[in-house]
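Below are the chains, spelled out letter by letter.
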Amino acid sequence: MTTRARSTTVTWSGANARRLDRQGLSGSSPSGARTAAGAVAAMLGAHAQVLSAAELSVGLRAPGVTRTDVRAALWTDRTLVKTFGPRGTVHLLPAEELPMWTGALSAVPSGSSPFPKGARMTPEQVEAVVAAVGDALTGAELTIDELSDEVVGRTGPWAGDLVMPAFQGMWPRWRQVLHLAGHRGALCYAPNRGRKATYTNPGTVPVPGPEATAALVRRYLRAYGPATPAQFAQWLAAPRGWAGQLFEDLARAGAIEEVVFEGCGAAWVVAGDTLFPSAGPCGVRLLPYFDAFTIASRPRERLFPGAARERALAGGQAGNFPVLLVDGTVAGVWHQRRSGKRIAVTVEPLGPLDAGRTRALEAQVEHLGQVLEGTPELTVGEVTVGGHA
């Protein structure tokens, strides 16, 4: 890769402090992160497979924002969109940034099909299904079964063949590209109909791929830099070679620059974005399942040091446990159980907390209660449930 002379050395402490600050996790919210959409933009999407976790991720970053505010932004104001984001997983994304996201996500090269030969779709069938999804959802809100009928009717019986293993049966063939329809801007979630999820067409026109991917790299590096092409590829679930070429092209254009990052060696930041705090992070924070900060921050062994790696990572994967951050690193896990307005919060620190940190933890639990609109009760002790419980 063609590089510029490396003149900046970045410590882990400085990088970690800047990442926390830019996401509103250092005690002061960055500009634009005082709304739900602003907070989601700052973290580059809120993982929303469990919507309550996404609501908490957003509210903990945006002062005064509650779960009701997040739902209003999603379903009433439409400043947020629930759709398939990085890694093909469900995320909340800012509506005004959806053209960039769909342009970038649809530009990521697809790998080989993970499905058996008899279940796969040809490129022509993929295009036919994505077009059928977009057409069926234009001006409509459909459940998955209603959408399936529409897709099969528009494409052919082959799309409805039950060839995809599902939780308690088999799904129709076309379902394997549901996330791709989201990445192309042809599909997003609509409000639930009772307990059933529904989908609609957001009417998004994706930004051209090269422009969109360049913008996403800059956004990623601003939020989580310094970072390497391999780390970006892992965060996005993209081929490493493609990411490496993308970074090389941006470096050649002067859009990003190389620094020396403690624990990684050569890494990248947005050109000119080389100011980092001299003081390390401090304070206590609670982060929910699959919070963007714990997923994207690298190197992971610095974020999950020592005993935290064994306790808070499930098979090396971040996000399965809600975590306690102390001075910017994972120092415990926690769990909540809700019953009406009462929220029982159990926090398991991996080491003793002094009086100041205990008070800070109590304040975090109160903040959690405000976001979730309940009455929290804190217990410091062992978390006995497993990951993603």
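Each residue is numbered by its place in its chain's sequence as written, counting from 1. The predicted origin of the model limits local features to residues at a pLDDT of at least 70 and limits the giving and counting of side-chain atom pairs to 80 or more, whereas totals for whole chains, interfaces and linings rest on all residues. To get the side-chain values, take all heavy atoms of the structure and skip hydrogens and water.

*Asks:* It is not clear to me how the environment of Thr-9 should be interpreted in this structure. Could you clarify?
*Replies:* Helix and strand definitions here come from DSSP, where helices need a minimum of 4 consecutive H or I residues and strands a minimum of 2 consecutive E residues; each element is numbered from the N-terminal end. With respect to the secondary-structure elements, Thr-9 resides in strand 1 (residues 9-10). Burial status follows relative accessibility: with a 1.4 Å probe on protein chains alone, a residue under 20% of its type maximum counts as buried, one over 50% as exposed, and anything between as partly exposed. On the basis of relative accessibility, which here comes to 61%, the residue Thr-9 falls in the exposed class. Spatially, the C-alpha atoms of Thr-9 and Asp-69 are 40 Å apart, while their sequence positions differ by 60 residues.

*Asks:* Which parts of the structure should I look at to understand the sheet that holds strand 5 (residues 142-143)?
*Replies:* The pairing of strands in a sheet comes from backbone hydrogen bonds and takes either a parallel or an antiparallel form. What the three strands build is an open sheet, ordered 5-9-8; its pairing is antiparallel. Edge positions in the sheet fall to strand 5 and strand 8 (188-193), since each has one partner strand and no second. Pairs of strands are assigned from DSSP output, requiring at least two bridges between the strands. Relative to strand 9 (residues 196-200), strand 5 runs antiparallel, the two being bridged by two bridges. Counterpart to Leu-142 in the pairing with strand 9 is Tyr-199.

*Asks:* Mind showing me how you'd approach the packing of aromatic side chains here?
*Replies:* The description of two aromatic rings rests on the distance between their centres and on the angle between their planes. Ring geometry is summarised as follows: Phe, Tyr and Trp rings, the Trp one being its six-membered ring, pair when their centres sit within 6.5 Å, and such pairs are stacked at plane angles under 30 degrees, edge-to-face over 60 and tilted between the two. Summed over the entire model, instances satisfying the criterion amount to nine aromatic pairs. Aromatic pair Phe-84 and Tyr-189: ring centres 6.0 Å apart, planes at 40°, arrangement tilted. Placement of the pair is Phe-84 in strand 3 (residues 80-84) and Tyr-189 in strand 8, with a sequence separation of 105 residues. What makes Tyr-189 buried here is its relative accessible area of 13%. Where Trp-101 meets Trp-235, the ring centres are 6.2 Å apart and the plane angle is 55°; that geometry is what we call tilted. Of the two residues, Trp-101 is situated in helix 5 (residues 98-107) and Trp-235 in helix 10 (residues 229-236); the sequence distance between them amounts to 134 residues. By the burial criterion, Trp-101 is buried, and Trp-235 matches it. Aromatic ring contacts, followed pair by pair, group Trp-101, Tyr-220, Tyr-224, Phe-232, Trp-235 and Phe-247 into a single cluster. A cation over a ring is seen here: Arg-18 above Phe-276, with NZ or CZ 3.8 Å from the ring centre. For a Lys NZ or an Arg CZ to count as sitting over a ring, it must be within 6 Å of the ring centre and within 35 degrees of the ring normal. Looking at Arg-175, its charged tip hangs above the ring of Trp-171, at a distance of 3.9 Å from the centre.

*Asks:* What should I look at first to understand the sheet that holds strand 2 (residues 46-47) in this one?
*Replies:* Within the open sheet, the three strands sit side by side as 2-4-3. Their pairing is antiparallel. Since the sheet does not close on itself, it has two edges, and those belong to strand 2 and strand 3, each with one partner. In the sheet, strand 3 pairs with strand 4 (residues 90-94) via five bridges, with the strands oriented antiparallel. When the bridges of strand 4 are listed, Thr-83 appears paired with His-91.

*Asks:* Please explain unusual backbone geometry as it appears in this structure.
*Replies:* What is expected of a backbone is that most residues other than glycine have negative phi and most peptide bonds are trans. Residue Pro-226 is reached from Gly-225 by a cis peptide bond, and omega for that bond is 0°. Positive phi values are uncommon outside glycine, yet Arg-78 reaches one of about 60°. With respect to the helices, strands and loops of the structure, Arg-78 is situated in the loop between helix 4 (67-75) and strand 3. Even without being a glycine, Glu-373 presents a positive backbone phi close to 55°. With respect to the helices and strands, Glu-373 occurs in the loop between helix 15 (355-372) and strand 16 (375-380).

*Asks:* Any chance you could explain the side chain of Arg-300 here in plain terms?
*Replies:* Mapped onto the elements, Arg-300 comes out in helix 13 (residues 300-303). For the charge count, each Lys or Arg is scored as positive and each Asp or Glu as negative, with His and the chain ends excluded. Salt bridge criterion: a side-chain nitrogen from Lys or Arg within 4 Å of a carboxyl oxygen from Asp or Glu. Here Arg-300 is buried and forms no salt bridge, its nearest opposite-charge partner Glu-301 lying at an N-O distance of 7.5 Å.

*Asks:* What's the story with the pattern of salt bridges in this structure? I'm lost.
*Replies:* It is possible for side chains bearing opposite charge to pair when their charged atoms get close. Applying the stated criterion across every chain yields a total of 16 salt bridges. Ionic pairing is found between Arg-22 and Asp-273, a salt bridge with its closest N-O pair at 2.9 Å. Of this pair, Arg-22 sits in helix 1 (residues 12-22) while Asp-273 sits in the loop between strand 11 (265-270) and strand 12 (284-287), and the two are 251 residues apart along the sequence. Residue Arg-22 is classed as buried on the basis of its relative accessible area, which comes to 18%. According to the relative accessible area criterion, Asp-273 is buried, its value standing at 14%. With a shortest N-O distance of 2.8 Å, Arg-71 and Glu-55 are connected by a salt bridge. Taken as a pair, Arg-71 in helix 4 and Glu-55 in helix 3 (residues 51-59) lie far apart in primary sequence, 16 residues in all. On the accessibility criterion, Glu-55 (2% relative accessible area) is buried. Taken together, the salt bridges that share partners define one network made up of Arg-18, Arg-22 and Asp-273.

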